[in-house]
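# Summary of structural features
Chain by chain, the residues run as shown.
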Amino acid sequence: MNNQPHDHIVRSHDEERERLIDEILRMGELSVAQLEAALDVVERRDDRAAGHIVANDEAIDTLEREVSHDVMKLSLRGPMARDLREILAALRIVSDIERIGDYAANIAKRSIALNKAPALPVAGGLAHVGALAVRQVRDVLVAYRNHDAEAAQAVRDRDAALDAEYTRLFRELLTYMMEDARAITGCTHLLFMAKNLERIGDHATNIAENIWFTVRGEDNLPPREKADDTNTTV
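These figures come from a predicted structure and were not determined experimentally.

Cut-offs used in this document
- Residues numbered from 1 in each chain as written.
- Predicted model: local features only at pLDDT ≥ 70, side-chain atom pairs only at ≥ 80, totals over all residues.
- Heavy atoms only, no water.
- Axes fitted to C-alpha atoms, helices over the stretch in contact; angles between N-to-C directions.
- Helix = DSSP H or I, 4+ residues; strand = E, 2+ residues; numbered from the N terminus.
- Parallel < 35°, antiparallel > 145°, perpendicular 65-115°, else oblique.
- Left-handed = near helix turned anticlockwise from the far one by under 90°.
- Contact = heavy atoms within 4.5 Å.
- Nonpolar A, V, L, I, M, F, W, Y, C, P; charged D, E, K, R; others polar.
- Buried < 20%, exposed > 50% of the residue type's maximum accessible area, 1.4 Å probe, protein only.
- Polar contact = N/O pair within 3.5 Å; in protein donor to acceptor, adjacent residues only side chain to side chain.
- Salt bridge = Lys/Arg side-chain N within 4 Å of Asp/Glu carboxyl O.
- pLDDT = per-residue confidence, 0-100.
- Expected span 1.5 Å × (residues − 1).
- Core = buried A, V, L, I, M, F, W, Y, C linked by side-chain atoms within 4.5 Å.

### Re the packing of helix 4 (residues 124–146) against helix 6 (residues 184–216)
- As a packed pair, helix 4 and helix 6 sit with axes 9 Å apart at the nearest point and diverge in direction by 20°. Judged by the inter-axis angle, helix 4 sits roughly parallel to helix 6. With respect to the hand of their crossing, helix 4 and helix 6 are arranged in left-handed fashion. Across from Leu126, Val129, Gly130, Ala133, Gln136, Val137, Val140, Ala143 and Tyr144 in helix 4, the residues of helix 6 making contact are Leu190, Met193, Ala194, Leu197, Ile200, Ala204, Ile207, Ala208 and Ile211.
- Taken together, the residues that form the contact of helix 4 with helix 6 break down as 16 nonpolar, two polar and no charged.

### A look at the environment of Arg99
- The residue Arg99 is located in helix 3 (residues 81–114) in this model.
- A residue is classified by how much of its surface remains accessible, and Arg99, at 29% relative accessible area, is partly exposed.
- Note: C-alpha distance between Arg99 and Ile60 (39 residues apart in sequence) is 9.4 Å.
- A distance of 2.8 Å separates polar atoms of two side chains, one belonging to Arg99 and the other to Asp102.

### Observations concerning the pattern of salt bridges
- Inspection of the entire model under this criterion finds 16 salt bridges.
- The partner of Arg138 in a salt bridge is Glu36, and the shortest N-O contact between them spans 3.0 Å. Of this pair, Arg138 sits in helix 4 while Glu36 sits in helix 1 (residues 4–44), placing them 102 residues apart in sequence.
- With a relative accessible area of 28%, Arg138 lands in the partly exposed category.
- A relative accessible area of 33% places Glu36 in the partly exposed class.
- Linking Arg158 and Asp139 is a salt bridge whose minimum nitrogen-to-oxygen distance equals 2.7 Å. With Arg158 in helix 5 (residues 149–179) and Asp139 in helix 4, this pair connects stretches of sequence that are 19 residues apart.

### Notes on the confidence of the model for the chain
- Confidence in the prediction of the chain, expressed as mean pLDDT, is 86, and 84% of residues score 70 or more.
- Across the chain, the element-wise mean pLDDT spans from 81 in helix 1 up to 96 in helix 4.

### Some remarks on helix 6
- For helix 6, spanning 33 residues, the distance from its first C-alpha to its last is 48 Å, which sits close to the expected 48 Å at 1.5 Å a residue.
- Gly217 lies just past helix 6 and shows a positive phi near 70°.

### Thoughts on the nonpolar core
- In this structure, Ile24, Leu35, Leu126, Leu190, Leu197 and Ile200 are the most contacted members of the largest nonpolar core, which totals 61 residues.
- Looking at this core, the element that brings in the most residues is helix 3, giving twelve residues.
- Sequence-distant contacts of Ile200, that is, excluding residues within four places in its chain, are made with Leu35, Ile100, Tyr103, Ala104, Ala133 and Val137.

Set out below in structure tokens:
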């Protein structure tokens, strides 16, 4: 029996699937590079470089539209259950990556406003929270590339550590603002930037959960451990 037409269809489907994964990884790499660059311009107080990061956000938005289009094309190929999970997860993941890019651009944008104020000694705490967020995004992209549910779960478990560092920085900034009213404007920008980093961690965790769903075919993970108690900080 000649299976060549069927083999061709399967091969074409697999090629489209691999291309989709590569596109998502490329989008993720661009997003995390934006985040690293944003954290760098905060430290260097470089308005010009920050402006480039803000402008580059459009590239991530364009990629999201392209990937979403390719996902829809793949969904018309008569997918099986595993394929349907991958398609659903891909749509969610590209949305999370796009939001990570948005937050990186917002950090860069706020750095321009922050540079108008005197340098603050507490600004260094942002770099530590930023490094944790970068690690979360990079590690979850590796887990996605390798279809590694356990690695994705490890990223999810580490989100509480990022929350705890964000809470610590939040309290430090509030204390500094109360001690020196001249620092209120600068610290306010830092608070928003820190919150952006905490939200980036949440989006990395969302991606991790979608990897788990794709690989294991279930989403019955235990509730996330959260260590962000800034809503109760006074």
